[in-house]
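Below, each chain spelled out in residue letters.
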Amino acid sequence: MAVNERVRKAFNATRALGIPDQEVIPVLKHLLKVFDKNWELIESEDYRALIDAYFELKEDKGVDHKENVVEHGGSSKLCKRLCEYQASSTKGNASQILSLEENEKSMINLQQGVTFLNKKDSSSSKCSNSCNKVEQQPVTCEKKRPFHIISDIAKGTENVKISLIEENGKQDLPKFTYMRDNVIYQDAYVHISMARVADEHCCSGCSGDCLSVPIPCACAHETGGEFAYTPEGQLREGFLRLCMSMKQEPQGHHFVYCQDCPLERPKSEYKPEKCKGHLVRKFIKECWRKCGCNMQCGNRVVQRGIACKLQVFLTHEGKGWGLKALQDLPKGTFVCEYVGEILTNTELYERNMKGSGRERHTYPVTLDADWGSEKVLKDDEALCLDATFCGNVARFINHRCFDANLIDIPVEVETPDRHYYHLALFTTRDVRASEELTWDYGIDFTDHEHPIKAFQCCCGSKFCRDVKRKG
């Protein structure tokens, strides 16, 4: 394999974890020198040696984009790999076998540290004559716990790889089953059938891309005769502004009240409390299988799945795991859908009551955006999503009061029956690469009777609703 091709593949492995190429170059050069240009050792275990070396460098010295040099501390893992390589190479060419004395020198170099020029300087100096030993205390790697790296928590189920990284090695990895799509837990009633999609609710006469025609088709009826998406795949400014206004500054007429509220019913069978109200939401209706357009139609954004590069990481503000994008995201960009088990509210209530209270739950999502259309809802029609045990990457998105950079919007795809719908998350503004993604769960921090107790909010927003924490 050509060297350039091997370098490209090494960069692809580190890019998947959000590591800039310019920070990988000096580490890669050093490993090639230590391993006597043996690429097999670097490529083994999905470039584990390269990734280990990079994060030990970051942990020991930090990565500063403004500096002209980066320093790499010792790595007992690399020394071990080098020794294993040499032991397995005894049958090879004598020129490829390092002597014990040379091996010890390599190990000393790793423990003392080596200074490398950055990408700009190394291109002219070739680094070979410009590498100088620096004074540094030997690194006791045995006292460090290994950091965690998962190249794809979705295990190939999404369109893109979703990496997870935890640099300190002190946090247990999350235990859950990754699912790309919502799955019924047990009693939830979700009826999806072609017969239920009436002709007036689809565009069977369309072809190609519905957004390219001068007159919007029937699928745009839900959003006022105009599609919610732009040709670039983002939400239209007016529609996004309206959705944000209804959620952030709801008026009295934006709420509906159930005669027999499914949220209050499980708490008391004989005398349930009055409904506290449900926010009426704007829906997006996407084209589906009965429509004549193709899968690249501009009105099929959510159903095509995740398209942006995302990474799960451990936050530094006590919020646990979080999610960030590895690329800039324009305002109105679809990030992901909130996926979990579809439960009835009674099932959710019973599940939480059976728990010991020490379990770490993800906050459930109630699918109540259209509860006001019916006076009484049966229990199997009052649904919610719980991603505690099964879910997708959205379960890692942290809450932020009021000014989050994501907003959840109901999306109708397979069925006009709005007891069930998809909950899609879109950016509310331009989001920079590596900025944490957050959304407002809509938590009432004063509701002490909720089956899942509200957490102590650490969102950091000046609009934080957790009055107790502020006090």
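So, how was this worked out
- Residues numbered from 1 in each chain as written.
- Predicted model: local features only at pLDDT ≥ 70, side-chain atom pairs only at ≥ 80, totals over all residues.
- Heavy atoms only, no water.
- Helix = DSSP H or I, 4+ residues; strand = E, 2+ residues; numbered from the N terminus.
- Buried < 20%, exposed > 50% of the residue type's maximum accessible area, 1.4 Å probe, protein only.
- Contact = heavy atoms within 4.5 Å.
- Areas by Shrake-Rupley, 256 points an atom, 1.4 Å probe, with all protein chains shown as cover.
- Phe/Tyr/Trp six-rings, centres within 6.5 Å; stacked < 30°, edge-to-face > 60°.
- Expected span 1.5 Å × (residues − 1).
- Arc of directions from axis to C-beta.
- Salt bridge = Lys/Arg side-chain N within 4 Å of Asp/Glu carboxyl O.
- Core = buried A, V, L, I, M, F, W, Y, C linked by side-chain atoms within 4.5 Å.
- pLDDT = per-residue confidence, 0-100.
- Polar contact = N/O pair within 3.5 Å; in protein donor to acceptor, adjacent residues only side chain to side chain.
- Pairing = 2+ DSSP bridges.
- Axes fitted to C-alpha atoms, helices over the stretch in contact; angles between N-to-C directions.
- Parallel < 35°, antiparallel > 145°, perpendicular 65-115°, else oblique.
- Left-handed = near helix turned anticlockwise from the far one by under 90°.
- Nonpolar A, V, L, I, M, F, W, Y, C, P; charged D, E, K, R; others polar.

### Brief notes about the overall build of the protein chain
Helices and strands together make up the secondary structure of the protein chain, namely nine helices and 20 strands. When burial is assessed residue by residue, the protein chain has 47% of its 471 residues classed as buried. The contacts in the protein chain between residues at least 6 apart in sequence include a share of 69% that link residues at least 24 apart. As displayed, the protein chain has an accessible area near 24600 Å², and 49% of this comes from carbon and sulfur atoms.

### Quick look at the packing of aromatic side chains
Evaluated as defined, the whole model comprises ten aromatic pairs. On the basis of an interplanar angle of 55° and a centroid distance of 6.0 Å, the ring pair of Tyr338 and Trp439 is categorised as tilted. One end of the pair, Tyr338, is in the loop between strand 13 (334-337) and strand 14 (340-344); the other, Trp439, is in strand 20 (residues 438-439), with 101 residues separating them in the sequence. For the pair shown, Tyr338 and Trp439 are each scored as buried. Geometrically, the ring pair formed by Phe402 and Phe463 is tilted, given 4.8 Å between the ring centres and 50° between the ring planes. With Phe402 in the loop between strand 17 (398-399) and strand 18 (406-412) and Phe463 in the loop between strand 20 and helix 9 (467-470), the pair connects residues that are 61 residues apart, well separated along the chain. The exposure class of Phe402 is partly exposed, given its relative accessible area of 28%. Residue classification places Phe463 among the partly exposed residues on the basis of a relative accessible area of 38%.

### Focus on helix 7 (residues 237-248)
Note that an α-helix has 3.6 residues per turn; residues three or four places apart therefore point the same way. For helix 7, which comprises twelve residues, the first-to-last C-alpha distance of 16 Å matches the rise-based estimate of 16 Å (1.5 Å per residue) to within 8%. All of the buried residues in helix 7 are Phe239, Leu240, Cys243, Met244 and Met246. In an axial view of helix 7, the angular spread of the buried residues amounts to 165°, which keeps them on one side of the axis. Elements in contact with the buried residues of helix 7: strand 9 (278-279), strand 10 (284-285), strand 18 and strand 19 (422-427).

### Let's talk about the pattern of salt bridges
Considering all chains together, one arrives at 22 salt bridges under this definition. One salt bridge in this structure joins Asp408 and Arg281, with 3.3 Å as the shortest N-O distance. In this pair, Asp408 is assigned in strand 18 and Arg281 in the loop between strand 9 and strand 10, connecting sequence segments 127 residues apart. For Asp408, a relative accessible area of 5% translates into the label buried. Notably, a salt bridge pairs Asp386 with Arg351, separated by 2.8 Å at the nearest N-O pair. Here Arg351 lies in helix 8 (residues 345-354) and Asp386 lies in strand 16 (residues 383-391), a separation of 35 residues in the sequence. Taken as a pair, Asp386 and Arg351 share a single burial class, namely buried. When salt bridges that share partners are traced, they join Arg6, Glu40 and Glu43 into one network.

### Quick word on the nonpolar core
Within soluble globular proteins, side chains that are nonpolar generally end up buried alongside one another. One finds Leu310, Val393 and Leu437 to be the most contacted residues of the largest nonpolar core, which totals 39 residues. Listing elements by their share of this core, those giving two or more residues are strand 5 (162-166), strand 11 (310-314), strand 12 (321-325), strand 13, strand 16 and strand 19. Once residues lying within four places of it in the same chain are set aside, the contact partners of Val393 are Ile153, Ile162, Tyr178, Ile306, Leu310, Val312, Leu323 and Cys336. Residues Cys217, Ile284, Cys293 and Phe334 belong to the second largest nonpolar core, which totals 32 residues.

### So, the confidence of the model for the protein chain
Mean pLDDT over the protein chain stands at 79; residues scoring 70 or higher make up 76%. In this model, residues 88-145 is a region of pLDDT below 50 whose contacts with residues beyond four sequence positions or in other chains number 91 contacts.

### Regarding the pairing of strand 18
The buried fraction of strand 18 amounts to seven of the seven residues, a majority that puts the element mostly inside the structure. Burial of strand 18 is two-sided: the residues Leu406, Asp408, Pro410 and Glu412 facing one way and the residues Ile407, Ile409 and Val411 facing the other way are all buried.

### Brief notes about the environment of Pro262
Here Pro262 shows up in the loop between strand 8 (255-256) and strand 9. According to the relative accessible area criterion, Pro262 is buried, its value standing at 1%. The spatial distance from the C-alpha of Pro262 to the C-alpha of Leu383 is 9.1 Å, given a sequence separation of 121 residues. The contact partners of Pro262, leaving out residues within four places of it in the chain, are Asn345, Trp371, Leu377 and Ala382.

### A closer look at the side chain of His419
Within the element layout of this structure, His419 appears in the loop between strand 18 and strand 19. Note on His419: relative accessible area 9%, which makes it buried. A polar contact of 2.9 Å, which involves the side chain of His419, links it to the side chain of Asp417. Excluding anything up to four places from it in sequence, His419 contacts Leu367, Glu374, Leu377, Glu381 and Leu383.

### Looking at the sheet that holds strand 12
Pairing within the open sheet is mixed, and its four strands lie in the order 4-5-11-12. Each edge of the open sheet carries a strand with a single partner, namely strand 4 (148-150) and strand 12. Here the strands of the sheet are splayed against their neighbours by 20° on average, with no regard to which way each runs. Sheet topology note: the strand 11/strand 12 ladder contains five bridges and is antiparallel. Counterpart to Gln311 in the pairing with strand 12 is Lys324.

### Quick look at the packing of helix 1 (residues 3-15) against helix 2 (residues 21-34)
It is at 10 Å that the axes of helix 1 and helix 2 come closest, and there the two elements cross at 125°. What the angle tells us is that helix 1 and helix 2 run oblique. The interaxial crossing formed by helix 1 with helix 2 has right-handed handedness. Listed contacts from helix 2 to Ala10, Phe11, Thr14 and Arg15 of helix 1 are Asp21, Val24, Ile25 and Leu28. The residue makeup of the contact of helix 1 with helix 2, split by class, is five nonpolar, one polar and two charged.

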